[in-house]
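Residue-level structural notes
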Amino acid sequence: MNTTIIGSGVAAWTLVRELRKASPDMEIRVITADSGDFYSKPMLSNALASNKTAESLVMTPAAKLAEQQKTELVANTTVSAVDIHSKTVQTTAGNFTFDKLVLGLGADTIKLPLEGSGAGDVISVNDLTDYAAFRKLLDGKTEVAVLGAGLIGCEFANDLLKANVHTTVFDLADRPLPRLLPPEGSAFLLNKLQAQGVSWKLGRSVNRIEKAGDGYTITDSTGETTTAQLVLSAVGLTPRTGLAKAAGLTVSRGVVVNALGQTSHPDVFALGDCAEYLGKFVLPYIMPVMQAARAMAQTLAGNSTEIKFPAMPVVIKTPDCPTVVNPPLPEHVGAWEITADDTGVKALFKGSDGALLGMALLGDATKERQALAPQLPALI
């Protein structure tokens with residue numbers, strides 16, 4: 001049996017490893033638009049502090065990994081279409097047939113509708129190629145504007161500080177990480193990063209970016225202008241669903257999959273940032289990828305195994321303000337119980353019965369992560 005995987009990120013290569021363990025003789029093919037070299041994407045937002053280049057972020061070259069895992073690698077190849085009826089993948093390297101297909105397509109960065117002569121120069125970092133370009137553009141610069149005060153924006157702001165680059169962070173929200181932290185947590189993070197040199201311009205959107213000499217003039221919705229030598233957008237990701245939608249698969253925010261990871265076609269699966277589990281969860285984090293890949297490998301090897309997601313607290317890579325979050329689900333009813341002082345914030349979201357449904361730990365409170373995590377409910 002042939003399992004073809006489209007994509008070569010952490011999701012794809014983790015699945016390859018798990019598949020090879022579950023089925024030593026299965027034919028596995030990886031088709032990827034880039035080189036396929038294995039690296040950890042989350043490292044992109046905290047690699048500057050350790051002076052990592054794009055090359056040094058590569059953990060295993062694709063050719064070596066393919067050899068180790070006895071996998072056919074089709075690199076630098078674009079997939080133009082998937083025919084789920086003939087079970088064929090159409091690519092720039094020809095057509096490939098499959099018995100089972102896994103979409104590990106990842107996600108694209110969201111593009112803001114910006115105006116001005118500098119709008120086209122705004123960069124995002126979503127893969128190794130982006131990171132290499134970012135490092136090159138950053139050389140010699142000391143002032144960067146970051147669009148977005150979410151997880152990636154805050155991580156980049158802190159990482160740039162460690163590289164002696166001042167950052168100004170813009171966001172339409174009135175506080176950082178509003179979807180992950182209660183207000184007290186946001187305030188603690190803001191103050192800690194501000195004390196290290198991050199400037200915040202919140203409760204406003206960026207409308208226009210004009211070229212100005214060797215840099216840019218940024219105009220926000222309040223009419224205020226800010227200068228920067230480089231503008232980095234970190235406003236979020238959107239799952240890559242175009243290929244699946246064109247193939248006739250069910251798509252919502254992501255490619256909708258059931259408890260086995262199957263799409264609306266039983267022989268086509270989706271995994272990682274492009275997947276929407278049970279039509280409810282898009283989980284662009286490493287731990288869900290690992291959990292789903294293990295279960296999916298068993299299913300593809302003939303042992304149907306449902307994907308289970310335990311509570312998976314997310315460690316936010318802001319070393320100047322250690323932060324661990326496990327936000328409550330939208331359907332959870334309860335209230336935050338918050339203890340805060342100069343050393344940290346311990347925020348516990350509890351139901352009416354006292355059950356722990358979510359948490360946000362900052363500063364010294366992150367030491368309680370191991371004790372609290374087992375009390376949290378599973379996602380699936």
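All values reported here derive from a predicted model rather than from experimental measurement. (Residues numbered from 1 in each chain as written. Predicted model: local features only at pLDDT ≥ 70, side-chain atom pairs only at ≥ 80, totals over all residues. Heavy atoms only, no water.)

Quick word on the pattern of salt bridges
Counting across every chain of the model gives 18 salt bridges. Between E224 and K201 there is a salt bridge, and its shortest N-O distance comes to 2.8 Å. Highlighted residues: E224 in the loop between β13 (215-220) and β14 (225-228) and K201 in strand β11 (residues 199-202), separated in sequence by 23 residues. For E224, a relative accessible area of 33% translates into the label partly exposed. The residue R204 makes a salt bridge to D220 at a minimum N-O spacing of 3.0 Å. On the criterion of sequence distance, the pair formed by R204 in the loop between β11 and β12 (206-212) and D220 in strand β13 is long-range, its members being 16 residues apart. (Salt bridge = Lys/Arg side-chain N within 4 Å of Asp/Glu carboxyl O. Helix = DSSP H or I, 4+ residues; strand = E, 2+ residues; numbered from the N terminus. Buried < 20%, exposed > 50% of the residue type's maximum accessible area, 1.4 Å probe, protein only.)

Focus: the pairing of strand β21 (residues 323-326)
Both faces of β21 are covered, namely the face carrying T323 and V325 and the face carrying V324 and N326. In the sheet, strand β20 (residues 314-316) pairs with β21 via three bridges, with the strands oriented antiparallel. Across the sheet, residue V314 finds its bridge partner in β21, namely V325. Hairpin connection of β20 to β21: six residues between the antiparallel strands. As paired elements, β21 and strand β24 (residues 356-363) share four bridges and run antiparallel to each other. Residue pairing across strands places V324 opposite L361, the latter belonging to β24. (Pairing = 2+ DSSP bridges.)

Focus on the nonpolar core
For soluble globular proteins, the rule of thumb is that nonpolar side chains tend to be buried together. I5, I6, L15, V82, L103, L271 and Y277 are the most contacted members of the largest nonpolar core, which totals 54 residues. Once residues within four sequence positions are removed from consideration, I5 is found in contact with A12, L15, V16, L19, I28, R29, V30, I31 and V102. By size, the runner-up hydrophobic cluster in this structure holds 44 residues, among which are Y39, L48, L57 and L232. (Core = buried A, V, L, I, M, F, W, Y, C linked by side-chain atoms within 4.5 Å. Contact = heavy atoms within 4.5 Å.)

So, helix α1 (residues 10-22)
In this model α1 runs 18 Å from its N-terminal to its C-terminal C-alpha over 13 residues, within 8% of the 18 Å that 1.5 Å per residue would give. Counting buried positions along α1 gives ten out of 13 residues, so the element sits mostly inside the fold. Structurally, α1 contributes buried residues whose contacts are with β1 (2-6), β2 (27-31), α3 (62-68), β3 (72-74), β7 (100-103) and α8 (286-300). (Expected span 1.5 Å × (residues − 1).)

Some remarks on helix α5 (residues 151-162)
End to end, α5 covers 17 Å across twelve residues, agreeing with the expected 16 Å (1.5 Å per residue, within 8%). Along α5, ten of the twelve residues are buried, which leaves the element largely enclosed by surrounding structure. Among the residues of α5, L151, G153, C154, E155, F156, A157, N158, D159, L160 and L161 are the ones counted as buried. Phi turns positive, to about 60°, at N164, one or two residues after α5.

Some points on the packing of α5 against helix α6 (residues 183-196)
Packing of α5 against α6 brings their axes to within 10 Å, and their N-to-C directions diverge by 25°. By the criterion of interaxial angle, the relationship of α5 to α6 is roughly parallel. You can see that α5 and α6 cross each other, and the crossing is left-handed. Residue-level contacts link C154, N158 and L161 of α5 to L189, L193 and Q196 of α6. Along the lines of polarity and charge, the residues of the contact of α5 with α6 split into four nonpolar, two polar and no charged. (Axes fitted to C-alpha atoms, helices over the stretch in contact; angles between N-to-C directions. Parallel < 35°, antiparallel > 145°, perpendicular 65-115°, else oblique. Left-handed = near helix turned anticlockwise from the far one by under 90°. Nonpolar A, V, L, I, M, F, W, Y, C, P; charged D, E, K, R; others polar.)

Concerning the environment of L160
Counting through the fold element by element, L160 comes out in helix α5. Placed 26 residues apart in sequence, L160 and S186 show a C-alpha to C-alpha distance of 20 Å. The contacts of L160, once residues within four sequence positions are left out, are L48, F134, L138, V144, V146, V165 and T167.

Re the sheet that holds strand β15 (residues 230-233)
Paired through their backbone hydrogen bonds, the strands of a sheet run either parallel or antiparallel. Pairing within the open sheet is parallel, and its four strands lie in the order β11-β10-β9-β15. This sheet does not close on itself; its edge strands, each paired only once, are β11 and β15. Between one strand axis and the next, the sheet turns through 20° on average, direction left out of account.

Some remarks on unusual backbone geometry
Glycine aside, a negative phi is what most residues show, and trans is what most peptide bonds show. A positive phi angle is found at N164, which is not glycine, with a value near 60°. As for its placement among the helices and strands, N164 is situated in the loop between α5 and β10 (166-171). The backbone of L177 shows a phi angle near 50°, a positive value even though the residue is not glycine. Tracing the backbone through its elements, the reader meets L177 in the loop between β10 and α6. Judged by relative accessible area, L177 falls into the buried class, the value being 3%.

As far as function goes, none of this settles anything; it's purely spatial.
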